[in-house]
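# Understanding the architecture of this molecule
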Amino acid sequence: MTTSAREPGGWTIRPFAEGDQDAVVALWSACGLLVPWNDPAADIALALSKPSSTILVGTENGRLVSSVMVGHDGHRGWFYYLAVDPACRGRGYGAAMVAAAERWLADADMPKAQLLVRETNRRVMAFYERLGYAASPVTMMQKWLKTPSP
């Protein structure tokens, strides 16, 4: 998605722009998405440095109120940092951001979208289930290649 799109309720979804970083990091913080071992500025820089990923943001009256980081590994699509300002929840912005991420992945010819949700986050799991996502019978494994900063 390279251009802005008018969405329901008169708000706009557009690609991340120079000057958005502080507002995006503040949004992620307000939504409880930040963890000590992930540097949000580094995550943003990495996503924007590759042609296989981007960040989309939603604005309402010029104020950034939603985001999603989206990318692919050449085989499947992924998205992260889906966030909606807590004061704006219930307006369909989350579903519209997911749809925008799915369009971006479809435009990149990705056959499916995947995401990770902590098992304890039942509310978010229910949100994704309403959008047609289902739990996948896999075990995620990880190995730190760089020691995370506390």
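A few points on the structure. Because the structure is predicted, anything quoted here is derived from the model rather than measured.

Thresholds applied
Residues numbered from 1 in each chain as written. Predicted model: local features only at pLDDT ≥ 70, side-chain atom pairs only at ≥ 80, totals over all residues. Heavy atoms only, no water. Helix = DSSP H or I, 4+ residues; strand = E, 2+ residues; numbered from the N terminus. Expected span 1.5 Å × (residues − 1). Buried < 20%, exposed > 50% of the residue type's maximum accessible area, 1.4 Å probe, protein only. Contact = heavy atoms within 4.5 Å. Salt bridge = Lys/Arg side-chain N within 4 Å of Asp/Glu carboxyl O. Polar contact = N/O pair within 3.5 Å; in protein donor to acceptor, adjacent residues only side chain to side chain. Pairing = 2+ DSSP bridges. Core = buried A, V, L, I, M, F, W, Y, C linked by side-chain atoms within 4.5 Å. Phe/Tyr/Trp six-rings, centres within 6.5 Å; stacked < 30°, edge-to-face > 60°.

This part covers helix α3 (residues 93–107). Between its terminal C-alpha atoms α3 stretches 21 Å, which fits the 21 Å expected from 15 residues at 1.5 Å a residue. Taken together, the buried positions of α3 are occupied by Tyr93, Gly94, Ala96, Met97, Val98, Ala100, Ala101, Trp104 and Leu105. Where α3 is buried, its residues meet β2 (12–15), β3 (53–60), β4 (63–72), β5 (77–84), β6 (113–114) and α4 (122–130). Count one or two residues on from α3 and you reach Asp109, which has phi positive near 65°.

Right, let's talk about the pattern of salt bridges for a bit. Under the definition given, this model contains 4 salt bridges. We note a salt bridge from Asp20 to Arg14, for which the minimum N-O separation is 2.7 Å. The pair formed by Asp20 and Arg14 is uniform in burial state, with each residue classed as buried. For Arg91, the salt bridge is made with Glu60, and the minimal N-O distance between the two is 2.8 Å. In this pair, Arg91 is assigned in the loop between β5 and α3 and Glu60 in strand β3, connecting sequence segments 31 residues apart.

Before going further, it helps to spend a moment on the environment of Ser67. Within the secondary structure layout, Ser67 lies in strand β4. Residues contacting Ser67, with those up to four places away along its chain left out, are Leu27, Trp28, Leu56, Val57, Tyr81, Leu82, Ala83 and Met97. Within the local environment of Ser67, its side chain forms a polar contact with the side chain of Trp28, the two groups lying 2.8 Å apart. Within polar-contact distance, the side chain of Ser67 engages the backbone oxygen of Tyr81 at 3.1 Å.

Time to look at the pairing of β4. Of all the 10 residues making up β4, 8 are buried; the element is thus mostly covered by neighbouring parts of the structure. Two elements, β3 and β4, share 8 bridges in a ladder whose sense is antiparallel. Residue pairing across strands places Ile55 opposite Met69, the latter belonging to β4. Linking β3 to β4, which pair antiparallel, is a turn of 2 residues; within it Asn61 sits at a positive phi near 55°.

Turning our eyes to something else, we now look at the environment of Gly74. Along the chain, Gly74 turns up in the loop between β4 and β5. Given a relative accessible area of 55%, Gly74 falls into the exposed group.

So, about the nonpolar core. In globular proteins that are soluble, nonpolar side chains generally tend to be buried together. Counting 23 residues, the largest nonpolar core has Ile13, Val68, Phe79, Leu82, Met97, Val98 and Tyr128 as its most contacted members. Elements with a contribution of two residues or more to this core: β4, β5, α3 and α4. Of all the elements, α3 adds the most residues to this core, at 8 residues. Once you skip the residues sitting within four places of it in the chain, Val98 turns out to touch Phe79, Leu82, Phe127, Tyr128, Leu131 and Tyr133. Cys31, Ala47, Met69 and Ala83 belong to the second-largest nonpolar core, a separate cluster that totals 13 residues.

With that settled, the discussion passes to the packing of aromatic side chains. Per the stated rule, a full pass over the model turns up 7 aromatic pairs. Residues Trp28 and Tyr81 carry aromatic rings whose centres are separated by 3.6 Å and whose planes lie at 10° to one another, so their mutual orientation is stacked. With a gap of 53 residues between them, Trp28 in helix α1 (residues 21–30) and Tyr81 in strand β5 connect regions that are remote in the sequence. On the numbers, 6.1 Å between centres and 90° between planes, the contact of Phe79 with Tyr133 is edge-to-face. Within this pair, whereas Phe79 is found in strand β5, its partner Tyr133 is found in the segment after α4, the two being separated by 54 residues in sequence. Here Tyr133 falls in the buried class, since its relative accessible area comes to 16%. Within the aromatic cluster, the residues linked to one another by ring pairs are Phe79, Phe127, Tyr128 and Tyr133.

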